Amino acid sequence: MNSNERSDVVGVILAAGKGTRIRPFSHTFPKPLLPVLDKPLMVWQIESMRAMGVKDITIVIGHLGHEIVTSLGDGSKLGVRLSYVEQESMLGIAHAVAQLERHVDRPFLLFLGDIFFETTNLDSMLEMFRQDGVSGVLAVKPEPDPEALRRNFTVAVGEDGFVSRVVEKPRHPSTNLKGCGLYLFDTTVFDAIRRTPRTALRDEYELTDAIQIFIENGYKLLPAPVVERDLNLSLPADLLDLNLHVMTSRGLDGFTAPGAIVGDGARLERCVVMDGAVVAAGAHLVECLALPGARVPGGEHRRTVFSQDQAVSC
């Protein structure tokens with residue numbers, strides 16, 4: 001890589017959260033390092049950024065942050081340049097973004113590190129952002145499921161085509177356009193973030209509140225329908241379902257890493273077995289996930305995630 005190579009956009013991945021709902025696996029893995037087939041979730045995101053020409057990437061770390069630094073290093077093996085910023089207190093997404101202000105001097109492409117994105121024409125976000133008068137772009141997708149809208153945030157668009165309002169976890173969604181945890185901002189967004197109050201409900205700084213302040217300050221944001229699927233990694237079942245989904249999307253009926261050991265007579269039906277995992281002889285697994293180094297005992301197991309010392313039924 002040319003050391004003088006510099007994009008007009010940098011990448012940011014938020015990877016500081018504790019992942020309390022995906023325990024026990026978050027005791028040993030930061031959520032963004034949890035594996036999806038043959039690589040960590042975060043690496044899928046880094047590769048998406050690299051494909052867009054974004055090669056300077058800052059990762060906001062917190063819980064088990066040293067594991068992320070140890071795993072990814074300076075990024076040279078992935079063809080990017082990685083740097084790290086620590087979020088010492090877990091006070092919400094806007095607070096995590098605020099830690100970047102002294103380190104980011106250009107527009108930034110922001111990924112939430114616990115979401116697996118399947119996108120189409122992601123480069124169009126850059127094209128939209130470079131239009132005159134545009135200060136931000138929000139990745140969106142039409143969402144027919146009202147419950148999914150209530151779990152995320154909605155994006156309302158005015159007659160001029162710009163985002164007019166964003167609402168976090170609306171009880172009564174007024175639009176079916178869902179925000180997807182993938183953003184592109186000019187550095188002027190930091191002014192709005194500094195003016196963002198803590199929420200009364202969760203006592204955190206919400207990014208949607210900062211975005212609404214940004215809009216009300218007169219800045220223009222465009223919606224970008226570039227997300228076909230966004231799979232949030234919240235619960236152990238999500239980790240299993242995400243691996244099975246990616247396996248199927250690759251046209252595979254099963255995935256066994258080269259470094260895995262499967263005992264004689266073991267039967268695996270739609271399973272993912274990762275590097276270093278050992279499946280006992282005679283075991284029968286149906287839609288199971290064996291994480292790196294897992295030990296899977298004999299017997300029949302369905303929809304179970306195995307780690308080195310845990311087995312969680314999903």
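This one's a predicted model, so the numbers in the text were calculated from it and none came from an experiment.

> An account of the domain arrangement of the chain is requested, with residue identities and associated values reported.
By a widespread convention, an interface's size corresponds to the accessible area lost as its parts come together. Domain parsing of the chain yields domain 1 (10–232) and domain 2 (236–313). Taking only C-alpha atoms, the centre of domain 1 and the centre of domain 2 are 30 Å apart. Taken together, the contact pairs 16 residues of domain 1 with 18 residues of domain 2. A combined buried area of about 1,500 Å² lies between domain 1 and domain 2, and 77% of that area is made up of carbon and sulfur atoms.

> Report on helix α7 (residues 207–216), specifying residues and quantitative values.
Counting buried positions along α7 yields eight of 10 residues, so the element is predominantly enclosed. Residues of α7 that are buried include every one of L207, T208, A210, I211, Q212, I213, F214 and I215, and no others. A positive phi of about 100 degrees marks G218, the residue just after α7.

> Lay out the nonpolar core in plain terms, naming residues and giving numbers.
Among the nonpolar cores identified, the biggest contains 69 residues, and I59, F108, M125 and F185 are the most heavily contacted of them. In this structure I59 touches I13, A15, M42, I68, L72, L82, S83, Y84 and V85, once residues within four positions along its chain are discounted. If you look at the next biggest cluster of nonpolar residues, it comprises 20 residues, including L37, W44, L240 and L242.

> Account for unusual backbone geometry, with residues named and values stated.
Here the phi dihedral of K169 falls at roughly 45 degrees; this positive angle occurs in a residue that is not glycine. Note on placement: K169 falls in the loop between β10 (163–168) and β11 (177–185). On the basis of relative accessible area, K169 is assigned to the partly exposed category, the value being 40%. For R303, which is not glycine, the phi dihedral falls at a positive 40 degrees. Position of R303 among the secondary structure elements: in the loop between β22 (300–302) and β23 (304–306). Residue classification places R303 among the partly exposed positions, given a relative accessible area of 24%.

> How would you sum up the sheet that holds strand β21 (residues 295–296)? Please name residues and give values.
Read across the sheet, three strands follow the order β15-β18-β21 without closing on themselves; strand pairing throughout is parallel. Where the open sheet ends on each side, the last strands, each with one partner, are β15 (261–262) and β21. As paired elements, strand β18 (residues 278–279) and β21 share two bridges and run parallel to each other. Of the residues in β21, the one forming a bridge with V278 is R295.

> Could you give me a rundown of the side chain of Q45, with the residues and numbers involved?
Among the structural elements, Q45 can be located in helix α1 (residues 41–51). When sequence neighbours within four positions are dropped, the list of residues in contact with Q45 reads I13, F111, L112, G113, I115 and F117.

> Account for the pattern of salt bridges, with residues named and values stated.
The full count for this structure, using the stated rule, is 19 salt bridges. A salt bridge links R150 to E147; its shortest N-O distance comes to 3.2 Å. Linking R150 with E147, this pair stays in helix α5 (residues 146–151), spanning three residues, or about one helical turn. When its relative accessible area of 34% is taken as the criterion, R150 is described as partly exposed. Taking relative accessible area as the criterion, E147 reaches 37% and is therefore assigned partly exposed.

Conventions adopted
- Residues numbered from 1 in each chain as written.
- Predicted model: local features only at pLDDT ≥ 70, side-chain atom pairs only at ≥ 80, totals over all residues.
- Heavy atoms only, no water.
- Domains from an automatic or database assignment.
- Contact = heavy atoms within 4.5 Å.
- Buried area = accessible area lost by both parts, 1.4 Å probe.
- Buried < 20%, exposed > 50% of the residue type's maximum accessible area, 1.4 Å probe, protein only.
- Helix = DSSP H or I, 4+ residues; strand = E, 2+ residues; numbered from the N terminus.
- Core = buried A, V, L, I, M, F, W, Y, C linked by side-chain atoms within 4.5 Å.
- Pairing = 2+ DSSP bridges.
- Salt bridge = Lys/Arg side-chain N within 4 Å of Asp/Glu carboxyl O.

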